[in-house]
Amino acid sequence: MFMTKIHDRLHRVTVQDNQLLIADKTAEQLVAIAGSSPVYVYARNELAERVAQLKAIMPNKLKLHYAIKANPMAAVVDHMASLVDGLDVASGKEMLVALGSGISSEDISFAGPAKSETELNAATAAGIVINVESVLELERLYDIHDNTGRKAKIAFRVNPDFELKSSGMKMAGGPKQFGIDAEQMPDILANLDTQRIDFKGFHIFSGSQNLKPEALIDAHNKTFELAERLIALSPATVEHVNIGGGLGIPYFPGEKKLDVAPVAENLKQLIVGRSAAFAKADVVMELGRYLVGEAGYYICQVTDKKVSRGQTYLMTDGGLHHHLSNSGNFGQIIRKNYPVLIANKITGEELEKVEIVGPLCTPLDIVGARLELPIAEVGDYVTVFQSGAYGATASPQDFLGHPHVKELLI
Ligand SMILES: *Cc1c(COP(=O)(O)O)cnc(C)c1O
């Protein structure tokens, strides 16, 4: 059956009467609730299950943070805040969303290059932890103290002297705009003025979207080693070490779910083995897509169908403007398909080869290419899986001026 082809990548599919159910509802119901198509649907129970599963397998001592840039919808952030130990933000606006969830400000951290003075002021006033990414940023925080009397809570984001191998996105090692090079840290720590800032710890983020346990294990080993060296040089008690995230989810044909068990086992050993050096330090893992990616679905509707020189096209009301990463234009070199199904025709007696495209006047507007799906008609619901992260807010919604996408947490 054709679904077996994408099954490796799907974490779960509930089907009733040949209809996909998300949170016990059909696509038709979900679009009716949203008021119109297209819509992103995020399943509340799937988010909770994912966090619970990860917590069950990871060492007890490991704290779990949600990096909200993956999906900053306020309702999602509020829900996640009730499930995890902290939130990571990457802008002043995200900071306000995180604070709005009611989570304690001490459990919010703010990473990101080129933070504005306004953001640094706001984060200091709010009492959240600022992950300092440059020497000038540290100087600006000293200035904030001198001008306002407020002491910023800080951690240093360190650009490690290694990288996370086979990562979807390399964000560390070599020259980078993120963090302060590990080699510069001894000097900075030796000269740190703890009268003017409140030093809390370190943030060592080495990469993203990784499906290889051995690569993650290697990065974690090196991260703990680097953290131990930095702790020894620290002028004050280190309260936390954020080891980054990097856990990936399977998007494309040939990709398989990450086996988290060996990664968790290795972390257990690292935490036990380094208990003396890390005596007062919590170990934090921050994740975006791994927590929310698989609990999100993008639903759009077929609006036209035509054949061009032997090729069948399903045209939809959704596309690149809502779901840039699915279109293949967000960091991919060769476009590959996300898992796509017709939600109201999960199987069919006959399959048809189709190109699914959106309403934008550009050939880049692809929802799914060279798919084999049950025969679909106008009104049917195309559903893109693995769509809970880097969707609505990572897409150029105003490009061509079509309506923005709806979002529904249910
Ligand atoms: C983007 C980002 C994350 C989240 O990455 P995912 O791949 O979504 O898990 C975590 N930490 C930092 C510092 C980031 O910039």
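Here the residue numbering is sequential within each chain, running from 1 through the sequence in written order. Restriction of local features to residues with pLDDT of at least 70 applies here, the model being predicted, together with a cutoff of 80 or more for giving and counting side-chain atom pairs; totals for whole chains, interfaces and linings are based on all residues. The side-chain figures draw on all heavy atoms in the structure; neither hydrogens nor water molecules are used.

### A look at the overall build of the chain
Part 1 of the argument: Every helix listed is a DSSP run of H or I at least four residues long, and every strand listed is a run of E at least two residues long, numbered separately from the N terminus. Helix and strand content of the chain: 12 helices and 21 strands.
Part 2 of the argument: Reported as C-alpha extents along the three principal axes, the dimensions of the chain are approximately 70 × 45 × 35 Å.
Part 3 of the argument: Only protein chains enter the area calculation, which uses a 1.4 Å probe; residues under 20% of their type maximum are buried, those over 50% are exposed, and those in between are partly exposed. Relative to its 410 residues, the chain shows a buried fraction of 57%.
Part 4 of the argument: Only heavy atoms enter the contact rule, under which two residues are in contact if any of them lie within 4.5 Å. Nonlocal contacts in the chain, meaning residues at least 24 apart in sequence, comprise 73% of its contacts between residues at least 6 apart.
Part 5 of the argument: Just so you have it, the chain exposes about 17000 Å², and 50% of that area is on carbon and sulfur atoms.
Part 6 of the argument: His is not counted, nor are the chain ends, whereas Lys and Arg count as positive and Asp and Glu as negative. Lysine's charge is taken at NZ, arginine's at CZ, aspartate's at CG and glutamate's at CD. Charge-centre separation for the chain: the mean point of 40 positive side chains lies 2 Å from the mean point of 49 negative side chains. Areas reported here follow the Shrake-Rupley algorithm with a probe of radius 1.4 Å; residue values treat only the protein chains shown as occluding.

### Let's talk about the side chain of Asp365
Part 1 of the argument: Tracing the backbone through its elements, the reader meets Asp365 in the loop between β18 (351–357) and β19 (366–374).
Part 2 of the argument: Buried Asp365, no salt bridge; nearest opposite-charge side chain is Arg335, N-O distance 8.7 Å.
Part 3 of the argument: Polar contacts, as used here, are pairs of N or O atoms within 3.5 Å; protein pairs need one atom able to donate a hydrogen and one able to accept it. Residues neighboring in sequence count only if both atoms are side-chain atoms. Within the structure, Asp365 has its side chain in polar contact with the backbone nitrogen of Leu360 (distance 2.8 Å).
Part 4 of the argument: Once residues within four sequence positions are removed from consideration, Asp365 is found in contact with Gly319, Leu320, Val357, Gly358, Pro359 and Leu360. Within this document, salt bridges are pairs made up of a side-chain nitrogen of Lys or Arg and a carboxyl oxygen of Asp or Glu, the two lying within 4 Å of each other.

### Overview of the domain arrangement of the chain
Part 1 of the argument: When cut into domains, the chain gives domain 1 (2–42 + 294–409) and domain 2 (72–287).
Part 2 of the argument: Marked domain ranges trace back to an automatic or database domain assignment. Here domain 1 and domain 2 have C-alpha centroids that lie 34 Å from each other.
Part 3 of the argument: Contacts between domain 1 and domain 2 engage 17 residues on the former and 13 residues on the latter.
Part 4 of the argument: Buried area is understood as the total, over both parts, of accessible area removed when two parts are fitted together, assessed with a 1.4 Å probe. Between domain 1 and domain 2, roughly 1400 Å² of surface is buried when both sides are summed, and carbon and sulfur atoms account for 68% of that area.
Part 5 of the argument: Our count for the contact surface shared by domain 1 and domain 2 stands at three residue pairs in polar contact (both at pLDDT 80 or more).
Part 6 of the argument: The dominant element in the side of domain 1 that touches domain 2, judged by the number of residues it contributes, is strand β21 (residues 406–409), at three residues.
Part 7 of the argument: Each residue gets one label: Ala, Val, Leu, Ile, Met, Phe, Trp, Tyr, Cys and Pro are nonpolar, Asp, Glu, Lys and Arg are charged, and the others, such as Gly, are polar. Across the side of domain 1 that touches domain 2, the residue classes tally to six nonpolar, six polar and five charged.

### Quick look at the packing of helix α6 (residues 117–126) against helix α7 (residues 135–148)
Part 1 of the argument: Angles shown run from 0 to 180 degrees and are taken between the N-to-C directions of axes, each axis being a line fitted to C-alpha atoms and, for helices, limited to the stretch in contact. One can describe the packing of α6 onto α7 by two numbers: an axis separation of 10 Å at closest approach and a directional angle of 55 degrees. Classified by the interaxial angle, the pair formed by α6 and α7 is oblique. Where α6 crosses over α7, the two elements pack in a sense that is right-handed. On α7, the residues that touch Glu117, Leu120, Asn121 and Thr124 of α6 are Glu137, Arg140, Leu141 and Ile144. Any angle that falls under 35 degrees is termed roughly parallel, while one over 145 is termed roughly antiparallel, one within 65 to 115 roughly perpendicular, and all others oblique. The crossing is said to be left-handed when, going from far helix to near helix, the turn is anticlockwise and less than a right angle, and right-handed when the turn is clockwise.

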